[in-house]
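Breakdown of the fold
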Amino acid sequence: MSEGHDDHGHGKQSFISKYIFSYDHKMIAKQYLTLVMFMAVVGGSLAMLVRLQLGWPGQHAQFWETLFPAGMAQGVMTPEFYVMLFTMHGTIMVFFVLSLGPVSGFGNFLIPLQVGARDMAFPFLNMMSFWTALPGAIIILISFFVEGGAAASGWTAYPPLSAIRSAIPGSAMGQTLWIVGMIFFIASFTMGGLNFVVTILNLRTKGLKMMRLPLTTWAQFLVGILGLLAFPALAAGSILLLFDRGLGTSFYLPAGIFIGDTLFPHSGGSPLLWQHLFWFLGHPEVYIIMLPALGFTSDIISTFTRRPIFGYRSMVYAIVAIAMLSFVVWGHHMFVSGMSPFLGTAFTMTTLCIAVPSAVKVFNWLATLWMAKIQFTTPMLFALGIVSFFVTGGLTGIFLGTNVVDIQLHDTYFVVAHFHFIMAGAGLFGLLAAVYYWFPKMFGRHMNERAGKVHFWFTFIAYYGVFFPMHYLGISGMMRRIYDPNTYDYLKPFQNVNTFISISAFILGLAQVIFLANYFWSMFKGKKVESENPWHANTLEWSTPIHPGHGNWPGDIPEVYRWPYDYQHPDEEGDHAPQWQPPAKVKAAK
Amino acid sequence: MAETLTVPKTKSGDGGGGDFVDQSFGDYGSGGESQKRADTAKLGLRIALGSVTMLFAAFTSAYIVRSAGEDWIPLAAPSLIWVNTVILLFSSVTMELGKRAFESWRPVAFRKWIAVTAVLGALFIAGQVAAWNQLASQGIYLQSHPHSSFFYVLTGVHAVHLLVGVLALFYVLMLARRYELTPGESSSPGVVATYWHFVGGIWIYLIVVLFYL
Ligand code: HEM
Ligand SMILES: [Cu+2]
């Protein structure tokens, strides 16, 4: 229909102010998503290289030497290179893909649209947030090309490996850049979170009470709070780490560390201190990745079953509970660190408590789906995939959260399987579901449905093919972060499982090419959307023009009269009543 | 059967009144544009201060853990920090005078007090540099022992926050010179004042943690 005209008086914008240093939350969101897509390709390729090694350990293929002269000299991957690969894979995926994508990307895009605001509360801060994230990403990427290579102490950066510059090649410049890149990321993410929380609290349109917010925006609200309260711990930890690395302090470094023949002058520091600070952020970070995906799932499931989400209030209380609990469970990552068994049991109890609100969410989704006439669109398929992953990964979480069981399973492939379902899988599918669902709002065109479905089935099946067998490897004792499991006799019989996993991983990787092609093709050639509200959804973003300008609504901001889930409301005609539609009685009176 | 099931009751969650979530967040829709902007800035600052609090809480917990180490040697506070403390407390007073002058719209006094506060802030930072030098001249450096490490790092991080405050004061002065501030409408003087008092509070807190815990 109409082109949304510009409401904010920036009628004619230069290329730079429109596309580069834009203040418009929708453009900033697209900038983030473009960055995320690039980082995802890098992070995914690193995973492929990890799988190459594990599928065919020590295989010789001359061709690789031309690509990685140091890491794969004579075509064989070195252990040092392997360690860098999974470290950077984890770091890039967790922070620069699944935090910047669903949160900074879609949070930015959706929050003002869903709360009925012209923009974020602090547009300048919003722009700065992107322009801090980008240098962070660049610093992380260039760390591959410095002497010694990229960081290699895992995405968790445990000292002493991360604190002594001469420990391993990756502990040198690469680790410094890792920390600096992370500090940029933290700055960016905190600025973003501030905007999220203030916008949602203060800029809601008339009639939009908190308990009428779509669950997506509720999730972003909590994510903002989590980020604001948890990331400072990592910032503090990183500052202390930098001092230990460069300036001779001993916050984390104990006495008696030898590297080669040199004794290091440190004394008294505690490596566990880092673990506490890291995981105080690290666990909430998992929910920063997951909560938006769960929010998208609720909204998408409601739209494509044409039903109100079952138990809206309990959904809200469940994510609030999950968010609060996430601050008191970090110790479950440290069960084998020698902590007191009493403390371990306390962390087990808090961790198992999270199962309750999580189960509430699953049951509510199932109740919404129960005997519904489901429209199996691509975003719906991905949302259902999230439900599946959430159950699979949630169940293994109960094992790992129990300290006595975790002592056996800690640092095995069981853990790798667990977090790739609950965090990586749910997060990745959340990002993909969101792209398919909101693509029409972002670009005024649809993505190709058939390609979308092919993409879904390949991704979904291959994902299980990669990560499900890892449970067995883990129970059998295959440790994570291992360069060549065949150095242990008892792991040799599992080589064929590892080869199977790697082949599945390559299929998974290739399937993403379908997505990327579909995305860019649809941006220019996709079917044009015919009305503002192609999915017949209820949330406020669908009341904007097909191409909303800066300011989002050409006229007044619509008033909100109802919650976002009035599908098949008995008092309303049609199968859905959007939030901006006055109740039938009011209409009749007018 | 399926027919009845496809139309579940929608009562739950329609956001009807009486919910404590809505009561505690308040409904939206009142207040003029500029009022809204002022509230937004204040709220933004409060939330940002929550983050800063967490930063110092994290440092404190690290401090407590580390101070249990066997190599802990208590550090005697360099005498200069007491001078600096007085300067900082005094600057909070001038800040408050500036803010009140703004609210009762006495522009000359307002600008004067803001400038005085900025100068005191800069003086404090200079005083901190001197205090660090005082310690260093006694042979106590950053890496000497854990207590000295924490002293340098924590006061350093605090100084950075104060520097941000000084820059913010200059920004307010600039706005004032351009006649862009209106009492009751512009939020920046109030916001900067809150920040300033908060950073002063953090300083007292750090002194307590570092030397009286
Ligand atoms: C494209 C599909 C993916 C594949 C095939 C894959 C594969 C792997 C493998 C095999 C490891 C274990 C390396 C080792 O322990 O030696 C690993 C580690 C990891 N992956 Fe993935 N992954 C994928 C996607 C993701 C995503 C989307 C995330 C996002 C959160 C993620 C996060 C991590 C993390 C945090 C680690 C731990 C790194 C470390 O130990 O420091 N992965 N990945
Ligand atoms: Cu955790």
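The shown structure was predicted, so the numbers you read here are calculated from the model rather than taken from an experiment. (Residues numbered from 1 in each chain as written. Chains lettered and ligands numbered in written order. Predicted model: local features only at pLDDT ≥ 70, side-chain atom pairs only at ≥ 80, totals over all residues. Heavy atoms only, no water.)

Moving on to the overall build of chain A. Counting secondary structure elements, chain A contains 17 helices and two strands. Its C-alpha atoms give chain A a radius of gyration of 24 Å, within 12% of the compact-globule value 25 Å for 590 residues. Seen through its principal axes, chain A has C-alpha atoms that stretch 85 × 50 × 50 Å. Counting all 590 residues of chain A, 62% fall into the buried class. In chain A, the proportion of contacts linking residues at least 24 apart, taken out of those at least 6 apart, comes to 78%. Charge centroids of chain A, computed over 31 positive and 27 negative side chains, lie 8 Å from each other. (Helix = DSSP H or I, 4+ residues; strand = E, 2+ residues; numbered from the N terminus. Rg over C-alpha atoms; globule rule 2.2 N^0.38 Å. Buried < 20%, exposed > 50% of the residue type's maximum accessible area, 1.4 Å probe, protein only. Contact = heavy atoms within 4.5 Å. Lys, Arg positive; Asp, Glu negative; His and termini not counted. Charge placed at Lys NZ, Arg CZ, Asp CG, Glu CD.)

Helix and strand counts for chain B stand at seven helices and zero strands. Starting at the N terminus, the α and β elements of chain B follow one another as α-α-α-α-α-α-α. Looking at chain B residue by residue over its 213 residues, the buried ones come to 47%. At a minimum sequence separation of 6, the contacts of chain B that also span at least 24 residues come to 80%. Taken as a whole, chain B presents about 10,600 Å² of accessible surface, with 66% of it coming from carbon and sulfur. (Areas by Shrake-Rupley, 256 points an atom, 1.4 Å probe, with all protein chains shown as cover.)

Residues and elements named next belong to chain A. Coordination of the copper ion (ligand 2) by the protein comes from His283 (ND1), His332 (NE2) and His333 (NE2), over a distance range of 1.8 to 2.0 Å. Taken in sequence order, the residues that donate to the copper ion (ligand 2) follow the motif H-x48-H-H. Take histidine 332: its relative accessible area is 13%, and that puts it in the buried class. (Donors = N, O, S within 2.8 Å, 3.2 Å for Na, K, Ca; no water.)

The next point concerns the packing of aromatic side chains. For the structure on display, the rule yields 76 aromatic pairs over all chains. An angle of 20° between the planes, with centres 6.4 Å apart, marks the rings of Trp64(A) and Phe68(A) as stacked. Its end group placed over the ring of Trp113(B), Lys112(B) keeps NZ or CZ at 4.8 Å from the ring centre. (Phe/Tyr/Trp six-rings, centres within 6.5 Å; stacked < 30°, edge-to-face > 60°. Lys NZ or Arg CZ within 6 Å of the ring centre and 35° of its normal.)

The next point concerns the confidence of the model for chain B. All names here are of chain B. Residues of chain B with pLDDT of at least 70 account for 82%, and the chain-wide mean is 86. Across residues 1–18, confidence stays below pLDDT 50; counting only partners more than four residues off in sequence or on other chains, it has 32 contacts. Counting contacts from residues 27–32, a segment whose pLDDT is below 50, to residues more than four positions away or on other chains yields eleven contacts. Model confidence for the complex is summarised by a pTM of 0.92, with the ipTM given as 0.92. (pLDDT = per-residue confidence, 0-100.)

Further remarks concern the coordination of the iron atom of ligand 1. Residue and element names in this part refer to chain A. Surrounding the iron atom of ligand 1 are the protein donor atoms His89 (NE2) and His420 (NE2), which sit 2.0 Å from the metal. The coordination sphere of the iron atom of ligand 1 comprises six donor atoms, whose angles at the metal cover 86 to 179°; the geometry is octahedral. Of this pair, histidine 89 sits in helix α4 (residues 79–97) while histidine 420 sits in helix α14 (residues 413–443); the two residues are 331 residues apart in sequence, bridging distant segments of the chain. On the accessibility criterion, histidine 89 (16% relative accessible area) is buried. (Tetrahedral: all angles 85-135°; square planar, octahedral: opposite > 155°, others 65-115°.)

Attention shifts here to the pattern of salt bridges. Residues and elements named next belong to chain A. Throughout the structure, instances matching the rule amount to eleven salt bridges over all chains. Put simply, lysine 453 and glutamate 449 hold a salt bridge, and the shortest N to O gap is 3.5 Å. With lysine 453 and glutamate 449 both in helix α15 (residues 449–475) and four residues apart, the pair spans about one turn of that helix. Among the residues examined, lysine 453 registers a relative accessible area of 32% and is labelled partly exposed. Through salt bridges with shared partners, a single network forms among Arg562, Asp566 and Glu572. (Salt bridge = Lys/Arg side-chain N within 4 Å of Asp/Glu carboxyl O.)

With that out of the way, let us pick up unusual backbone geometry. Residues and elements named next belong to chain A. A cis amide bond, omega 5°, links proline 159 with the succeeding residue proline 160. Within the fold, proline 160 resides in the loop between α6 (123–142) and α7 (173–202). Even without a glycine there, the phi angle at aspartate 411 is positive, about 55°. Position of aspartate 411 among the secondary structure elements: in the loop between α13 (403–409) and α14.

With that settled, the discussion passes to the nonpolar core. Nonpolar side chains tend to gather and get buried jointly when the protein is soluble and globular. All names here are of chain A. Counting residues in hydrophobic clusters, the biggest one holds 240 residues, and the most contacted among them are Phe106, Leu291 and Tyr312. Here this core gets 20 residues from one element, more than from any other, and that element is α14. Setting aside chain neighbours within four positions, we find leucine 291 in contact with Ala219, Leu222, Val223, Leu226, Ile319 and Ile322. (Core = buried A, V, L, I, M, F, W, Y, C linked by side-chain atoms within 4.5 Å.)

Attention now goes to the site of ligand 1. Residue and element names in this part refer to chain A. Of all residues adjacent to ligand 1, which total 23 residues, the nearest are Tyr82, His89, Trp155, His420 and Arg481. Between ligand 1 and arginine 480, the relevant distance is 3.0 Å, taken from an oxygen atom to a side-chain nitrogen or oxygen of the residue. In this structure, an oxygen atom belonging to ligand 1 sits 2.6 Å away from a main-chain N or O atom of arginine 481. Every element with two or more residues in the shell around ligand 1 is listed here: α2 (25–55), α4, α14 and α16 (495–525). With six residues, the single largest contributor to the shell around ligand 1 is α4. Counted by class, the shell around ligand 1 contains 16 nonpolar, four polar and three charged residues. (Near = heavy atom within 4 Å. Polar contact = N/O pair within 3.5 Å; in protein donor to acceptor, adjacent residues only side chain to side chain. Nonpolar A, V, L, I, M, F, W, Y, C, P; charged D, E, K, R; others polar.)

This part covers the side chain of His145(B). With respect to the helices and strands, His145(B) occurs in the loop between α5 (107–137) and α6 (146–177). Dropping the residues within four chain positions of it, His145(B) is found in contact with Ile73(B), Leu75(B) and Ile140(B).

Right, let's talk about a nonpolar patch on the surface for a bit. Residue and element names in this part refer to chain B. Together, Ile64, Trp82, Leu89, Ile204, Val208, Tyr212 and Leu213 give the surface a local cluster of nonpolar side chains, amounting to about 720 Å² of exposed area. Elements represented by at least two residues in the nonpolar patch include exactly α4 (80–103) and α7 (188–212). At three residues, α7 tops the list of elements feeding residues into the nonpolar patch. Note on placement: tryptophan 82 falls in helix α4. (Patch = residues over 30% accessible without salt bridge, like charges linked within 9 Å, V, L, I, M, F, W, Y side chains within 5 Å.)

With that settled, the discussion passes to the confidence of the model for chain A. Residue and element names in this part refer to chain A. Averaged over every residue, the pLDDT of chain A is 94; the share at 70 or more is 97%. Mean pLDDT in chain A bottoms out at helix α17 (residues 584–589), which sits at 66, and peaks at α15, which reaches 98. Low confidence marks residues 1–11, where pLDDT is under 50. Its contacts with residues over four positions away, or in another chain, come to 17 contacts.

Right, let's talk about the packing of helix α10 (residues 312–325) of chain A against helix α11 (residues 341–369) of chain A for a bit. Residue and element names in this part refer to chain A. Where α10 meets α11, the closest approach of the two axes is 9 Å, and the angle between their N-to-C directions is 155°. With respect to their mutual orientation, α10 and α11 come out roughly antiparallel. For the pair α10 and α11, the sense of crossing is left-handed. Residue-level inspection shows Ser314, Met315, Ala318, Ile319, Ala321, Ile322 and Leu325 of α10 in contact with α11, the latter providing Thr350, Cys353, Ile354, Pro357, Ser358, Val360, Lys361, Asn364 and Trp365. (Axes fitted to C-alpha atoms, helices over the stretch in contact; angles between N-to-C directions. Parallel < 35°, antiparallel > 145°, perpendicular 65-115°, else oblique. Left-handed = near helix turned anticlockwise from the far one by under 90°.)

All names here are of chain A. Take arginine 306: it is sitting in the loop between α9 (271–305) and α10. Among the polar contacts listed, one links the side chain of arginine 306 to the side chain of aspartate 575, at a separation of 2.7 Å. For arginine 306, the residues in contact, after removing those within four places along its chain, are Gln375, Trp535, His536, Tyr567, Gln568, Asp575 and His576.

Turning our attention to the environment of Tyr205(B). Looking at where Tyr205(B) falls in the secondary structure, it is placed in helix α7. Here the alpha-carbon distance between Tyr205(B) and Asp39(B), two residues 166 residues apart in the chain, equals 28 Å.

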